[in-house]
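Take a look at the letters that make up each chain.
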Amino acid sequence: MADKSDKPEKAKKEQKQEAPTAEAAPAQKKGGKKEKATKPAEGAEAQHGKKQPKIKKAEEKAKDEIKYIVRIANTDLDGTSTVQYALTGIKGIGLRVSKVIARKAGVDPNAIMGYLSAEQVDRIKNVVDNIDTSLPAWMLNRRSDIYTGENRHLLGTDLILGVKEDINLMKKIRCYKGIRHERGQKVRGQRTRSTGRTGATVGVIRKKEAPAAAAAGAGEKKEEKK
């Protein structure tokens, strides 16, 4: 009988020993889940940390500071385009000349025009104002001027007036180009058979009808002679 009573006591002791181990195991699992939740993932600080609102504020300020119109040489330039393309808005400045101007001024040609500081814009203005000395002689658009004999580079309204004066001079001296300008015809030797035809519209005789018309004209001439 003693043996039978000992067996249930041993079973109870084993159950008591197993019970705390089973309780400890879920506690560890729960604790592990909490640790995983508390640990931030890699790059989480960049996305959800405190630095993100600062970056947004900096971007908003930068967007607000852009100048959409920059005025150089009495012309309004697009501030959203790069320096090398914005300067081409000035009449008389092409892409190659704009790159030279940007390098002379110490400005990156690929920088956005509206984000430049006031000092950088002033440097570009100084180079544009003294463009005759900033460019080599072979890049100037008016070399050996007729009246002064100097090498110059005309910009904006000066260029438009200079071209008009040259055309008027050619008209006055009655050269071939001046006469063609007066008549409104093409000046540089282009063909005018199919394009550039000005004046009153004149009918064209087709090739098939041409012999019949010539024969009719010859018959009329014979009748007149008789």
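The structure under discussion appears in the preceding block.
Read on for a plain summary of the structure. This is a predicted model, so every value here is computed, not measured.

For H153, the location among the structural elements is in the loop between α7 (131-134) and α8 (157-172). Looking at H153, its side chain comes within polar contact range of the main-chain nitrogen of N141, at 3.2 Å. In this structure, H153 is in contact with G92, I131, D132, L135, M139, L140 and N141, ignoring residues within four places of it in sequence.

Within the secondary structure, S98 is located in helix α5 (residues 95-105). Separated by 2.8 Å, the side chain of S98 and the backbone oxygen of Q84 make a polar contact. Apart from residues no more than four positions distant in its own chain, S98 is found in contact with Q84, L87, T88 and I93.

Taken N-terminus to C-terminus, the directions of α8 and helix α9 (residues 176-183) make an angle of 105°; their axes are 7 Å apart at the nearest point. On the basis of the axis angle, α8 is roughly perpendicular to α9. Judged by residue contacts, I167, M170 and K171 of α8 engage K177, G178, H181 and E182 from α9. Across the contact of α8 with α9, the residue classes break down as two nonpolar, two polar and three charged.

Moving on, we get to the environment of I101. Within the secondary structure layout, I101 lies in helix α5. Here the alpha-carbon distance between I101 and V83, two residues 18 residues apart in the chain, equals 9.6 Å. Ignoring any residue separated from it by four or fewer positions in sequence, one finds I101 in contact with L87, I93, I124, V127, V128 and I131.

Another point: the nonpolar core. Here is a general trend for soluble globular proteins: nonpolar side chains tend to be buried in one another's company. Grouped together as the largest cluster of nonpolar side chains are 25 residues, with contacts concentrated most on I72, V83, L87, I101, M113, L116 and I124. Sorting the residues of this core by element identifies β1 (69-72), α4 (83-86), α5 and α6 (118-129) as the ones contributing at least two each. With residues up to four places along the chain from it excluded, the contact list for L87 reads I72, L77, I93, S98, I101, M113 and I124.

Rules and cut-offs
- Residues numbered from 1 in each chain as written.
- Predicted model: local features only at pLDDT ≥ 70, side-chain atom pairs only at ≥ 80, totals over all residues.
- Heavy atoms only, no water.
- Helix = DSSP H or I, 4+ residues; strand = E, 2+ residues; numbered from the N terminus.
- Polar contact = N/O pair within 3.5 Å; in protein donor to acceptor, adjacent residues only side chain to side chain.
- Contact = heavy atoms within 4.5 Å.
- Axes fitted to C-alpha atoms, helices over the stretch in contact; angles between N-to-C directions.
- Parallel < 35°, antiparallel > 145°, perpendicular 65-115°, else oblique.
- Nonpolar A, V, L, I, M, F, W, Y, C, P; charged D, E, K, R; others polar.
- Core = buried A, V, L, I, M, F, W, Y, C linked by side-chain atoms within 4.5 Å.
- Buried < 20%, exposed > 50% of the residue type's maximum accessible area, 1.4 Å probe, protein only.

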